[in-house]
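# Inside the fold
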Amino acid sequence: MDALRRTFEQQLGAALPGVDITLERPRSGELGDLAFPCFRAAKQLGKNPVQLSQELAGSLHIEGATLVAAGPYLNLKLAPATRAAAILSALLAAPAEQPFGRQPANGKKVIVEYSSPNIAKLFTIGHLRSTMIGHALAQVHQFLGYEVTRLNHLGDWGTQFGTLLAAYTRWAQADNADLEADFEWAEPAPEKRRTPLFRLFQLYVRFHADEEQDPAMRDEARDWFKRLEAGDPEARRLWKWFRTISLKEFQRIYDRLGVSFDTLEQGEAFYEDQLVPTMQKLEDAGLLVAGDKGARIINLEDVGISTPCLVQKGDGTSIYATRDLVAALYRKQAYDFDRCLYVVGTDQVLHFQQIFAVLAKLDPWFQGRMLHTPFGMVKLPEGKMSTRKGNVIFLEDVLDEARDRVAAIIEEKNPDLQGREVVAEQLGMGAVVFFDAMNDRVKPITFTWDRVIALDGDTGPYVQYAHARILSVLRKAGGDWAAKAQCGAATGPVLPFAPTPLPADLGGLEAPEAQALLFELAGLPGAIATVVEGCMATPLARQLVSVARAFSGYYTNCPILAPDNSPAVRDARLALCVATARALRQGLYLMGIQAPEEM
Ligand code: ARG
């Protein structure tokens, strides 16, 4: 496929010197495999695009393909057998480390910062978006040849620790230092929430509730944070312990999600000893001015941002923004990156505009390297979430609910399924993560269960089902067919499928439905590349749905194991099944979704 594309580009380049040659993908395989839109070239040459495409169709010749003028487009269309051979060899015969769409190392370094939950605030459904969008972005960048560092800017420092320390010492320390049992003051926790981290969360919520009646409590919290920043041993000891409790629980969630980071040690607190030197740098650069009540701010009006960036509060304590500045400076020196992606909600757009603007003032090196990848909030039918008020939806509850709903469906449809719990977990997760990806990244999403787990919509389970169905066909085919769609454990973003030779005769794949499936498979590399351009998994998710849908047409119209198939037809059709299974599994894997072999 790549070779054909290059030949096409070369011939166009020779015929149209000085013209930018950008190929597109036609809308359907019926039109062709590659399209050259003639508009721009025609304009440059002072010609009519329809006429130009006809001229080119008449003058260029490419072995194994026909060139068709379709209005202003020049389409390259492969003969069915050539198309089958091109796609199948890319999906089956390529070396294990070079799957379809994979790019060689490009020498570029990318930091993807994602997840970044706040300690003692629990993991909410909002963090799922950051975690899974970030995971997919990290995977895909790596797949496309970038060197990727996965960072988690844990919220393990800040005024919320003042709140927590105040709340803990006020109500919990005396009678229940281990946080294991129910507190007298608290609502009894739901059975599965009897965890120390949930206790901290309850303390936090209670403090904010009481504080509304008694504003003096605010000073109490502020004092505790000051003590913490000043190195007070008791404040430090408790903070450390809160952090350990939280990390333990986060790790459990990351394990469940199959997500990992290069380090969990570079949270906000990590930068603490660099706060003073960074303030000095800002001072030396002449950026700091006095704000209200002794605060220090940086004006950004000259770069079109009317709200100044607050970097130090009146009481001398640092804030969230300060720690982000320090983190960026640290990352420059530690990673020398080309690009740093921040996968954080749309509510922080202004924050990152300010941070990036300050960095650019401080050091032009940062210009163009920093990118905020915002995503919309997750909405519930009941309205917005707030940790302070305690009406949050916990990620784990969502995953549990997805799993249980899927388990109920399995119970009904396939009660004898082996390893039901594992499959239900994989499908539930697939449903939630895929739903997230199918939604436009920046728009808010509302979780509606029926849409999330539907087996017949544009859902994760639909794609997972296509994969499982293929494996069931391959098992029925016997021999080593099923094994060809299996692979060992992956260490990076690539699933190591062993190369397998193509059947000699691909005549069984001439039917339009087989060709349509090949065409959708051919769209995967482009979709993966677009993930990086738009910093969202949506194009990949959509293309996987298109492949799954095309497979369903193929399965219905091209009998694979029919007794009257010749061995050649059967082999060719099975080979396309293997290729499709591999493609679906690899694509889901990039998104952080498992593909069960049976469901
Ligand atoms: N901890 C923050 C939150 O949960 C997100 C941190 C985002 N990353 C950053 N570098 N500021 O809202």
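Our subject is the structure that appears above.
The structure displayed is predicted, hence computed values, not measured ones.

Our next topic: the sheet that holds strand S1 (residues 34–37). Two pairing modes exist for strands in a sheet, parallel and antiparallel, and in both the strands are linked by backbone hydrogen bonds. Pairing within the open sheet is antiparallel, and its three strands lie in the order S1-S3-S2. Each having just a single partner strand, S1 and strand S2 (65–70) make up the two edges of the open sheet. The sheet shows a mean angle of 20 degrees between the axes of neighbouring strands, direction not considered. Judged from the six bridges that link them, S2 and strand S3 (residues 73–78) form a sheet pairing that is antiparallel.

Turning to the pattern of salt bridges, a few remarks are in order. On inspection of all chains with the given rule, the structure shows 33 salt bridges. With a shortest N-O distance of 3.1 Å, Asp436 and Arg129 are connected by a salt bridge. Residue Asp436 is found in helix H14 (residues 420–438), and its partner Arg129 is found in helix H5 (residues 125–143); the two are separated by 307 residues along the sequence. For the pair formed by Asp436 and Arg129, the shared burial category is buried. As a salt-bridge pair, Glu425 and Arg256 come within 2.8 Å of each other at their nearest N and O atoms. With Glu425 in helix H14 and Arg256 in helix H9 (residues 233–257), this residue pair connects regions lying 169 residues apart in the sequence.

Along the polypeptide, Ile319 turns up in the loop between strand S8 (309–312) and helix H11 (320–335). Taking the C-alpha atoms as reference points, Ile319 and Trp157, 162 residues apart in sequence, are found 9.1 Å from one another. Once residues lying within four places of it in the same chain are set aside, the contact partners of Ile319 are Leu310, Val311 and Lys313.

Glancing now at empty space enclosed by the protein. Applying the stated criterion across every chain, the model contains three cavities of 30 Å³ or more. The calculated volume of the largest cavity comes to roughly 180 Å³. What lines the largest cavity is a set of 18 residues, and nearest its centre among them are Leu91, Pro99, Phe100, Phe497 and Gln586. It is helix H21 (residues 567–590) that contributes the most residues to the lining of the largest cavity, four residues altogether. Among the residues making up the lining of the largest cavity, the classes are represented as 14 nonpolar, three polar and one charged. Of the pockets and cavities examined, the second largest cavity occupies roughly 90 Å³. Looking at the second largest cavity, it is lined by 13 residues, and the ones nearest its centre are Met132, Ile133, Asp436, Ala437 and Ala537. Counting residues per element, the ones that place at least two in the lining of the second largest cavity are H5 and H14. Among the elements that line the lining of the second largest cavity, the one with the most residues is H5, at four residues. Here the residues of the lining of the second largest cavity are counted per class, giving eight nonpolar, two polar and three charged.

Procedures and definitions
Residues numbered from 1 in each chain as written. Predicted model: local features only at pLDDT ≥ 70, side-chain atom pairs only at ≥ 80, totals over all residues. Heavy atoms only, no water. Pairing = 2+ DSSP bridges. Helix = DSSP H or I, 4+ residues; strand = E, 2+ residues; numbered from the N terminus. Axes fitted to C-alpha atoms, helices over the stretch in contact; angles between N-to-C directions. Salt bridge = Lys/Arg side-chain N within 4 Å of Asp/Glu carboxyl O. Buried < 20%, exposed > 50% of the residue type's maximum accessible area, 1.4 Å probe, protein only. Contact = heavy atoms within 4.5 Å. 1 Å grid on protein atoms, 1.4 Å probe; cavity = no way out; pocket = protein on both sides within 12 Å on 5 of 7 lines; lining within 4 Å. Points joined across faces, edges and corners; volume = space filled by probe spheres on them. Nonpolar A, V, L, I, M, F, W, Y, C, P; charged D, E, K, R; others polar.

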